[in-house]
Amino acid sequence: PPLVFHRDSPYFMFDPDDVVTVWIALDDMLEELGPLEYVVGSHKWGDGRVGSASQFFQSSNMHNLLQSAASCEGLNMEDLTIVSMKGIRAGSLSIHHGKIWHGSNKNQSKTKPRRGLGLHFVPANVRFTQEAQQSKLWKPYVDGVTDPSTVELSQQDFPICQS
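This structure is a prediction, so every number in the text was calculated from the model and none was measured.

> Tell me about the packing of aromatic side chains, and please be specific about residues and values.
In total, this model carries 11 aromatic pairs according to the counting rule given. Ring centres of Phe 14 and Phe 158 lie 6.2 Å apart, and the angle between their planes is 80 degrees; this geometry places the pair in the edge-to-face category. Taken together, the positions of Phe 14 in strand 2 (residues 14-15) and Phe 158 in the segment after helix 2 (139-142) put the pair 144 residues apart, joining distant regions of the chain. A relative accessible area of 6% places Phe 14 in the buried class.

> Any chance you could break down the pattern of salt bridges for me, citing the residues and the numbers?
Evaluated as defined, the whole model comprises 8 salt bridges. As a salt-bridge pair, Asp 28 and Arg 89 come within 3.6 Å of each other at their nearest N and O atoms. Taken together, the residues Asp 28 in the loop between strand 3 (20-25) and strand 4 (36-39) and Arg 89 in the loop between strand 5 (82-84) and strand 6 (93-97) connect sequence positions 61 residues apart. A relative accessible area of 55% places Arg 89 in the exposed class. One salt bridge in this structure joins Glu 32 and Lys 112, with 3.5 Å as the shortest N-O distance. In this pair, Glu 32 is assigned in the loop between strand 3 and strand 4 and Lys 112 in the loop between strand 7 (102-104) and strand 8 (116-121), connecting sequence segments 80 residues apart. By sharing partners, the salt bridges in this structure join Arg 7, Asp 17, Asp 47 and Lys 99 into a single network.

> Can you lay out the sheet that holds strand 8 for me, pointing to particular residues and giving the numbers?
Read across the open sheet, the 3 strands follow the order 6-3-8; overall the sheet is antiparallel. Of all the strands in the sheet, the pair left with one neighbour each is strand 6 and strand 8. On average, adjacent strands in this sheet sit at an angle of 20 degrees to one another, irrespective of strand direction. Inspection of the sheet shows strand 3 paired to strand 6 by 5 bridges, in the antiparallel sense. Bridge pairing links Ile 24 to Leu 93 in strand 6.

> Tell me about the nonpolar core, and name the residues and values.
In this structure, Phe 12, Phe 14, Val 19, Val 126, Phe 128, Ala 132, Trp 138, Val 142, Val 151, Leu 153 and Phe 158 together form the largest nonpolar core, which totals 11 residues. Excluding residues that lie within four positions of it along the chain, Val 151 makes contacts with Arg 127, Phe 128, Tyr 141, Val 142 and Val 145.

> Tell me what's going on with the side chain of Ser 42, and back it up with residues and numbers.
Secondary-structure assignment places Ser 42 in the loop between strand 4 and helix 1 (64-72). Reaching out from Ser 42, the side chain makes a polar contact with the backbone oxygen of Val 39 at a distance of 2.8 Å. Each residue touching Ser 42, except ones within four places of it in the same chain, is listed here: Lys 99, Ile 100 and Trp 101.

> An account of the sheet that holds strand 5 is requested, with residue identities and associated values reported.
Pairing within the open sheet is antiparallel, and its 4 strands lie in the order 1-7-4-5. Each end of this open sheet is capped by a strand with a single partner; those strands are strand 1 (3-6) and strand 5. Across this sheet, the average inter-strand angle for adjacent strands is 25 degrees, counted without regard to direction.

> Which residues make up the environment of Leu 66, and what values go with them?
Residue position: Leu 66 is located in helix 1. Relative accessible area serves as the criterion here: at 0%, Leu 66 is assigned to the buried category. Residues within four places of Leu 66 in sequence aside, it is in contact with Phe 5, Val 39, Trp 45, Met 77, Leu 80 and Trp 101.

> Just give me the short version of unusual backbone geometry, but keep the residues and values in it.
Most peptide bonds take the trans configuration, and most residues that are not glycine carry a negative phi. Put simply, Asp 15 and Pro 16 share a cis peptide bond, and its omega is 0 degrees. Residue placement: Pro 16 occurs in the loop between strand 2 and strand 3. Positioned with a positive phi, Met 13 is a non-glycine residue whose angle comes to about 50 degrees. Here Met 13 is to be found in the loop between strand 1 and strand 2.

Basis of the calculations
- Residues numbered from 1 in each chain as written.
- Predicted model: local features only at pLDDT ≥ 70, side-chain atom pairs only at ≥ 80, totals over all residues.
- Heavy atoms only, no water.
- Phe/Tyr/Trp six-rings, centres within 6.5 Å; stacked < 30°, edge-to-face > 60°.
- Helix = DSSP H or I, 4+ residues; strand = E, 2+ residues; numbered from the N terminus.
- Buried < 20%, exposed > 50% of the residue type's maximum accessible area, 1.4 Å probe, protein only.
- Salt bridge = Lys/Arg side-chain N within 4 Å of Asp/Glu carboxyl O.
- Pairing = 2+ DSSP bridges.
- Axes fitted to C-alpha atoms, helices over the stretch in contact; angles between N-to-C directions.
- Core = buried A, V, L, I, M, F, W, Y, C linked by side-chain atoms within 4.5 Å.
- Contact = heavy atoms within 4.5 Å.
- Polar contact = N/O pair within 3.5 Å; in protein donor to acceptor, adjacent residues only side chain to side chain.

Encoded structure:
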């Protein structure tokens, strides 16, 4: 199924909400595979549409969140410029801002997979927000804590990368 158009930042529930994603293609991204697509300039949009997809892969309505976000910016879907990662080779990568809207169409191939690896980077000083207590992903880190912003992120699970 298609990958619903979404932003990465709302899923991290950190303050600050800065996220950078490095996406590495594990297969050649042919058109039939439904390569990753980005909405040019959407990282500059406001947070008027802050909801997130309850399910990343859906057979229908893959543009619902994107359409809502564009509408909050006074844009129609026809106004958007979408750039495809079609044609990038296995081992190539793209880097995107956590607030850029992105998704992909359905893999139409019966024999070829569409695989990629996403690595997410956040600032070393991030702290959990209250919303983390409601998240299946983050709850184990903040469960039983009154103020999630006081939780120190484990170096084992959140290693600090140096440049």
